[in-house]
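# A look at the structure
Given next are the chains, with one letter for each unit.
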Amino acid sequence: MNKYVISLSILLLSASSSLAQDSCMVRPSCADMGYTKSATDCVGKKAISCPFDTTLFYCPEVGESCDFSEYPLTECPTGGNCTDFECGETTQYKLDSCTNNYEIDTDNTTCVACDFSSYPLVSCPTGGNCSNYSCGGTTKYKLNSCKSGYTKSGNTCTACSWGSYTLTKCPTNGSCTSKTCGGKTQYYFKGCESGYYEYGSYCSCWPSEHQANTDPLYCYICADTNCPDYDTCCECEGIC
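As the structure is a computational prediction, the values presented were derived from the model and not from experiment. (Residues numbered from 1 in each chain as written. Predicted model: local features only at pLDDT ≥ 70, side-chain atom pairs only at ≥ 80, totals over all residues. Heavy atoms only, no water.)

### Describing the overall build of the chain
Counting secondary structure elements, the chain contains two helices and 14 strands. Here the chain holds 240 residues, and 26% of them are scored as buried. Here the analysis covers contacts within the chain between residues at least 6 apart in sequence; of these, 27% occur between residues at least 24 apart. Here the chain has roughly 15,000 Å² of accessible surface; of this, 49% comes from carbon and sulfur atoms. (Helix = DSSP H or I, 4+ residues; strand = E, 2+ residues; numbered from the N terminus. Buried < 20%, exposed > 50% of the residue type's maximum accessible area, 1.4 Å probe, protein only. Contact = heavy atoms within 4.5 Å. Areas by Shrake-Rupley, 256 points an atom, 1.4 Å probe, with all protein chains shown as cover.)

### Re the environment of G44
Structurally, G44 is set in the loop between α2 (17-23) and β1 (48-49). Once the C-alpha coordinates of G44 and C59 are considered, the two residues, 15 residues apart in sequence, prove to be 9.8 Å apart.

### Brief notes about the side chain of Q92
Residue placement: Q92 occurs in strand β4 (residues 90-98). Q92 sits in the buried class, given a relative accessible area of 16%. A polar contact is formed between the side chain of Q92 and the backbone oxygen of Y71, at a distance of 2.6 Å. The residues contacting Q92, other than those within four sequence positions of it, are F68, Y71, P72, L73, T83, D84 and F85. (Polar contact = N/O pair within 3.5 Å; in protein donor to acceptor, adjacent residues only side chain to side chain.)

### Quick look at the side chain of Q186
Mapped onto the secondary structure, Q186 falls in strand β12 (residues 184-192). For Q186, a relative accessible area of 7% gives the class buried. A distance of 2.5 Å separates the side chain of Q186 from the backbone oxygen of Y165, its partner in a polar contact. Apart from the residues within four sequence positions on either side, Q186 is in contact with W162, Y165, T166, L167, T177, S178 and K179.

### A short note on the state of the cysteines
Each disulfide consists of one covalent bond between the sulfur atoms belonging to two cysteines. Evaluation of the coordinates by the stated rule reveals eight disulfides. Here C76 pairs with C82 through a disulfide, and the sulfurs are 2.1 Å apart. An S-S torsion of about 85° defines the bridge between C76 and C82 as right-handed. A residue is classified by how much of its surface remains accessible, and C76, at 29% relative accessible area, is partly exposed. Disulfide pairing places C124 opposite C130 at an S-S distance of 2.0 Å. One quick way to see it: the torsion about the S-S bond of C124 and C130 is about 85°, and its sign makes the bridge right-handed. When its relative accessible area of 32% is taken as the criterion, C124 is described as partly exposed. What makes C130 partly exposed here is its relative accessible area of 26%. (Disulfide = S-S within 2.5 Å.)

### A few points about the packing of aromatic side chains
Counted under the stated rule, the structure contains five aromatic pairs. The interplanar angle of 65° and the centroid separation of 5.4 Å between the aromatic rings of F68 and F85 together place this pair among those described as edge-to-face. One end of the pair, F68, is in the loop between β2 (57-58) and β3 (80-87); the other, F85, is in strand β3, and 17 residues separate them in sequence. Exposure remark for F68: the relative accessible area of 14% places this residue in the buried category. Each residue in the set F68, Y71 and F85 is aromatic and connected to the rest through ring pairs, giving one cluster. (Phe/Tyr/Trp six-rings, centres within 6.5 Å; stacked < 30°, edge-to-face > 60°.)

### So, the pairing of strand β8 (residues 138-146)
Pairing of strand β7 (residues 128-135) with β8 involves eight bridges; the strand directions are antiparallel. Each residue of the ladder has a partner; that of Y133, found in β8, is K140. If you look at the hairpin formed by β7 and β8, you'll find two residues sitting between the two strands, and G136 has a positive phi there, around 60°. (Pairing = 2+ DSSP bridges.)

### Regarding the pairing of β12
Here eight bridges tie strand β11 (residues 174-181) to β12, and the two strands are oriented antiparallel to one another. Directly across from S178, in β12, lies its bridge partner Y187. Remark: two residues form the turn of the hairpin made by β11 and β12, two consecutive strands paired antiparallel; G182 in that turn has positive phi of roughly 60°.

### Some details on the environment of D67
Secondary-structure assignment places D67 in the loop between β2 and β3. Taking relative accessible area as the criterion, D67 reaches 53% and is therefore assigned exposed. Sequence-wise, D67 and F85 are 18 residues apart; in three dimensions their C-alpha atoms are separated by 9.4 Å. Among the polar contacts listed, one links the side chain of D67 to the side chain of S69, at a separation of 2.8 Å.

Worth remembering: the numbers are spatial, not functional.
Laid out in structure tokens, this is it:
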């Protein structure tokens, strides 16, 4: 018998006693209401006396009439947040959630510590490609790789420093050195190959159709016909 129900029944029975007499209602006996124990039976236990016969008591034995189906645990597990249920001098628990850095195990009755050993970062670094792991209200990250233009160093990504390597490709007929960083290659223009001159570095000496080319670095073939006063067109600097 639930002690809270008993308490409520006492109030109701007391309030309706005179009404029952007036309407000739049959009052339930103490035994019908579960008051079957003597004072001796209930020594050292939480006891409630029958409102109609104070020599009869209700005091549940351990587990008697107690429904612990929703409270299966005899103690709250480490790292757990629990609610408890007390009945018949027995207290049992149910697991509601786990504290930070713990998560509920698959059995739904224990909390296991989160394992962040492979996820050491509190955030994904700039330029990084990361995976994450959430547990116990905390999310952490691990760095898998860096984006193009970044290089990986430990758990950070560092932007590539290109300096004079500003070109994304070497000009046609040009001579270049290259630098690769973060999966990206850029170039430094050294000059034109032999037999070619650099458009933009000389004032003339190229066919008129090339003058419309807007690429600031472009190498054209030298031709005597384009520079009649010099041995080679590549010597035409400053004739304009």
